[in-house]
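The primary structure of each chain is shown beneath.
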Amino acid sequence: FGRGPTAQQGKQWYQRRVRGYTPSVSLVLSCADFMDPDKPPVQVSAAGALRSLAQSNSVSQERIADLGGVNPLIRLLKSNPRNLDVQEKASGALWALSGNDPTKRRDIGTKIGIEMLIVLLESKSEKIQFVAAKALSTLSCGAPKHQNKIREAGGVLPLVRMLKQSASERVLLAVINTLAALSIGLAHTPVKLNQSAIAAGGAIKSLVSLTVTSNDIVKVHSAYAVACITLAHTDNQKLLEKESFCFRQLIDLLYSSSREVSLGAGRALTTFAYNNIQTQREIVKGGEIQYEQFLQFLDSSDPEEQGHAAFQVIILARVITGEDHVIVMARGIEILYFLLQNENQQIQELAANSIASLAHTRAGIPAALVTVGAMETLINLLYSTDELVRSSAATAVGYMTYNRGAMRILLTACRRDPELFPRLLENLAGGKISETFIREWEYCLKVGLPSQTVHLTPIEHQAVLDMTANTHSTLVNQIKTMTGTVDSPTYGTVSEDLLDGSSTHRYTSASSVMLQ
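Fair warning: this is a prediction, and the values are worked out from it, not measured in the lab. (Residues numbered from 1 in each chain as written. Predicted model: local features only at pLDDT ≥ 70, side-chain atom pairs only at ≥ 80, totals over all residues. Heavy atoms only, no water.)

A. Structural view of the overall build of the protein. A tally of helices and strands in the protein yields 32 helices and four strands. When the 516 residues of the protein are sorted by exposure, 53% land in the buried category. In the protein, 70% of the contacts between residues at least 6 apart in sequence involve partners at least 24 apart. Working note: accessible area of the protein is about 23,700 Å², and carbon and sulfur atoms make up 51% of it. (Helix = DSSP H or I, 4+ residues; strand = E, 2+ residues; numbered from the N terminus. Buried < 20%, exposed > 50% of the residue type's maximum accessible area, 1.4 Å probe, protein only. Contact = heavy atoms within 4.5 Å. Areas by Shrake-Rupley, 256 points an atom, 1.4 Å probe, with all protein chains shown as cover.)

Dropping the structure here:
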């Protein structure tokens, strides 16, 4: 940090300097709140100062927010529609205040307003376009209300047009990610109206073109957006068939030396394959997907990489080579369960949303999740202080109630805490819940069953510890029972019952059995 003989002393000096910014922050905010609109240079200086104070500095971000710095910046942004300099500084300051926290970004995006963000999207300033696209992307993620409002406010066509313009790479990526976020909700549920509107604007053709002509980062993001736009949408899938899109290039990118590109290619392949056996057949034609490629992420010290890779190997288990699909799925489920217990709320949200998606895929996965204890952990996350964590957990719990074992666990928890069921419904953003569970819960209320409590005897407690110690073997047996045992994959020739007889590509025979 430039001061002191040790890093710790340097850090302490820096923190003291940050705390010392408080009078300056108050002075700047005073100017920003009451500045004369006829003096743009003063406005620009005030907004620029706040941006500098907030940039990559969580302490200053909190102080500025606590002192009421957000609303004056929003008023400044909205009251100067023709002054690009003022708008650049105001939007930059607002985005700097949000840091990397999705909750803060969503809060600031909501305060700016969707209509205003769409206007800013068509600004001539690259900086303003970037902030607007990033804010719309954040608002769209797993939020049906915002997804619908963006479409209704006319936000889709400007986004699609920007795919064809010579925007900077960061703006292009923000636009691509916004289109992807608009197309699917929590738990990989398609947003059909948005998918149709995006496809009607010609986005599929533009995105497929980007998967061929752009750099690798843009390619994998574009492929993921195409996967989102076509997810469970028959008409859009037919439109994609008319384009020159193939999975061979995407599989090649999976083996990229860049971790971001490799993980991004896996995300795109996973979304294409999600609940789509026909697409999985097409992926098999594209080339071999080796389990070994995912190990660098499954064994990573970065929990975000672990979470994404765990979800990917579970969905792609039927087409992965090099390991028994049962072992692959068990490894992924175990990792997601442990990530649910991570202290970082963003990781909790990632794991909960992944489990919500898995809970309505193929038979056996919900039962396996119950086996490792995921249901109890998800129920606990319904009490999280983070809205996004609660929403993801509620969606996962809702889908899990279609499994009888998970339903019994939730029923017991609701009898312990009668406020749990209303809490679940309050946070269930567009998800589903078993009607059987609702009927049983209403019956419990009608007959007035007493609350339940659980007291484990020493012998029962030891039994729980023994079960936890053998979770992996229990999980593997659970998956084998529900999905059937398949021999370790071997590489062979293509059979006509899986693919067309003219194909000469290689595939995994184990994958062939599972796909049939």
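Continuing now.
B. Inspection of the packing of helix α11 (residues 156–164) against helix α14 (residues 203–213) at higher detail. Where α11 meets α14, the axes come as close as 9 Å, and the angle between the chain directions of the two elements is 35°. Crossing angle aside, the handedness with which α11 passes α14 is left-handed. Residues Val160, Leu163 and Lys164 of α11 form the contact with α14, whose own contacting residues are Ala203, Ser206, Leu207 and Leu210. Here the residues of the contact of α11 with α14 are counted per class, giving five nonpolar, one polar and one charged. (Axes fitted to C-alpha atoms, helices over the stretch in contact; angles between N-to-C directions. Left-handed = near helix turned anticlockwise from the far one by under 90°. Nonpolar A, V, L, I, M, F, W, Y, C, P; charged D, E, K, R; others polar.)

C. Highlighting α11. Turning to α11, its buried residues are Val156, Pro158, Leu159, Val160, Met162 and Leu163. Residues of α11 that are buried in the fold lie against α8 (114–121), α9 (126–140), α10 (144–152), α12 (169–183), α13 (192–200) and α14.

D. Representation of the pattern of salt bridges within the structure. Here the structure, examined in full by the defined rule, presents eleven salt bridges. Close ionic contact of Lys219 with Asp216 constitutes a salt bridge, the shortest N to O distance being 4.0 Å. On the criterion of helical spacing, the pair formed by Lys219 and Asp216 is a turn pair, its members being three residues apart in helix α15 (residues 216–230). Since its relative accessible area comes to 13%, Lys219 is described here as buried. (Salt bridge = Lys/Arg side-chain N within 4 Å of Asp/Glu carboxyl O.)

E. Representation of the nonpolar core. One finds Leu163, Leu207, Leu250, Leu269, Ile289, Leu410 and Phe437 to be the most contacted residues of the largest nonpolar core, which totals 148 residues. If we skip the residues at most four places from it in the chain, Leu269 touches Phe247, Leu250, Ile251, Leu254, Ile283, Ile289 and Leu316. (Core = buried A, V, L, I, M, F, W, Y, C linked by side-chain atoms within 4.5 Å.)

F. Structural context of the layout of surface pockets. Taken as a whole, the second largest pocket holds about 630 Å³ of empty space. Taken together, 28 residues form the lining of the second largest pocket, with Leu240, Phe247, Phe272, Asn276 and Thr279 sitting closest to its centre. When contributions to the lining of the second largest pocket are tallied by element, the ones reaching two or more residues are α15, α16 (234–241), α17 (247–254), α18 (259–273) and α19 (277–286). When residues of the lining of the second largest pocket are assigned to their parent elements, the largest contribution, five residues, is made by α19. In terms of residue class, the lining of the second largest pocket is made up of eleven nonpolar, twelve polar and five charged. (1 Å grid on protein atoms, 1.4 Å probe; cavity = no way out; pocket = protein on both sides within 12 Å on 5 of 7 lines; lining within 4 Å. Points joined across faces, edges and corners; volume = space filled by probe spheres on them.)

G. Summary view of helix α4 (residues 58–66). For α4, the set of buried residues is Ser60, Gln61 and Ile64. Here the buried residues of α4 occupy an arc of 105° about the axis, which is enough to place them on one side. Backbone nitrogen of Val59 and a side-chain oxygen of the N-cap are separated by 3.2 Å at the start of α4; the cap is Asn57. Gly68 lies just past α4 and shows a positive phi near 80°. (Arc of directions from axis to C-beta. Polar contact = N/O pair within 3.5 Å; in protein donor to acceptor, adjacent residues only side chain to side chain.)

H. Summary view of the state of the cysteines. All chains considered together, the criterion is met by zero disulfides. Free of any disulfide, Cys414 has its nearest neighbouring cysteine sulfur in Cys444, separated by 9.0 Å. On the accessibility criterion, Cys444 (9% relative accessible area) is buried. (Disulfide = S-S within 2.5 Å.)

I. Local environment of the confidence of the model for the protein. Summary statistics for the protein give a mean pLDDT of 83 and a share of 79% for residues scoring 70 or more. Note that pLDDT drops below 50 for residues 1–5; the model gives that stretch nine contacts with residues more than four away or on any other chain. Across residues 9–23 the pLDDT falls below 50, and counting only partners more than four positions away or on other chains, this stretch makes 17 contacts in the model. (pLDDT = per-residue confidence, 0-100.)

J. Local environment of the packing of aromatic side chains. This model, assessed by the stated rule, comprises six aromatic pairs. Note on Phe245 and Phe247: the rings are 5.5 Å apart at their centroids and 85° apart in plane angle, and the pair reads as edge-to-face. Taken together, a centroid distance of 5.1 Å and an interplanar angle of 85° make the contact between Phe247 and Phe272 edge-to-face. Residue Phe247 is found in helix α17, and its partner Phe272 is found in helix α18; the two are separated by 25 residues along the sequence. Judged on exposure class, the residue Phe247 and its partner Phe272 are both buried. Here a set of aromatic residues connected by ring pairs shows up, and it is made of Phe245, Phe247 and Phe272. The ring of Phe130 carries the charged tip of Arg170 above its face, separated from the ring centre by 4.1 Å. Positioned above the aromatic ring of Tyr224, the side-chain terminus of Arg267 is 3.7 Å from the ring centre. (Phe/Tyr/Trp six-rings, centres within 6.5 Å; stacked < 30°, edge-to-face > 60°. Lys NZ or Arg CZ within 6 Å of the ring centre and 35° of its normal.)

K. Up close: the packing of helix α25 (residues 374–381) against helix α26 (residues 387–400). One way to put it is that α25 packs onto α26 with a least axis distance of 8 Å and a crossing angle of 140°. The orientation of α25 with respect to α26, classified from their angle, is oblique. Here the hand of the crossing between α25 and α26 comes out left-handed. Contact residues: Met375, Leu378, Ile379 and Leu381 in α25; Val389, Arg390, Ala393, Ala396, Val397 and Met400 in α26. In the contact of α25 with α26, the residues fall into nine nonpolar, no polar and one charged. (Parallel < 35°, antiparallel > 145°, perpendicular 65-115°, else oblique.)

L. Just unusual backbone geometry, in detail. The phi dihedral of Ala232 is positive, around 55°, even though this residue is not glycine. Positionally, Ala232 belongs in the loop between α15 and α16. Its identity is not glycine, yet Asn275 carries a phi of approximately 50°, on the positive side. In this fold, Asn275 is placed in the loop between α18 and α19.

M. View of the environment of Arg331. Summarising the element assignment, Arg331 is placed in helix α22 (residues 325–340). Residue classification places Arg331 among the partly exposed positions, given a relative accessible area of 23%. Sequence separation of Arg331 and Ala310 is 21 residues, and the distance between their C-alpha atoms is 7.4 Å. Contact partners of Arg331, with chain neighbours within four places excluded, come to Tyr291, Leu295, Leu298 and Asp299.

N. Quick peek at the environment of Ala96. Tracing the sequence through the fold places Ala96 in helix α6 (residues 84–98). Taking the relative accessible area as the measure of exposure, Ala96 reaches 6% and is therefore buried. In the structure, Ala96 is positioned 39 residues away from Asn57 in sequence and 8.7 Å away in space, judged by C-alpha atoms. Those residues within four positions of Ala96 in sequence are excluded, and the remaining contacts are Arg51, Ala54, Gln55 and Gln61.

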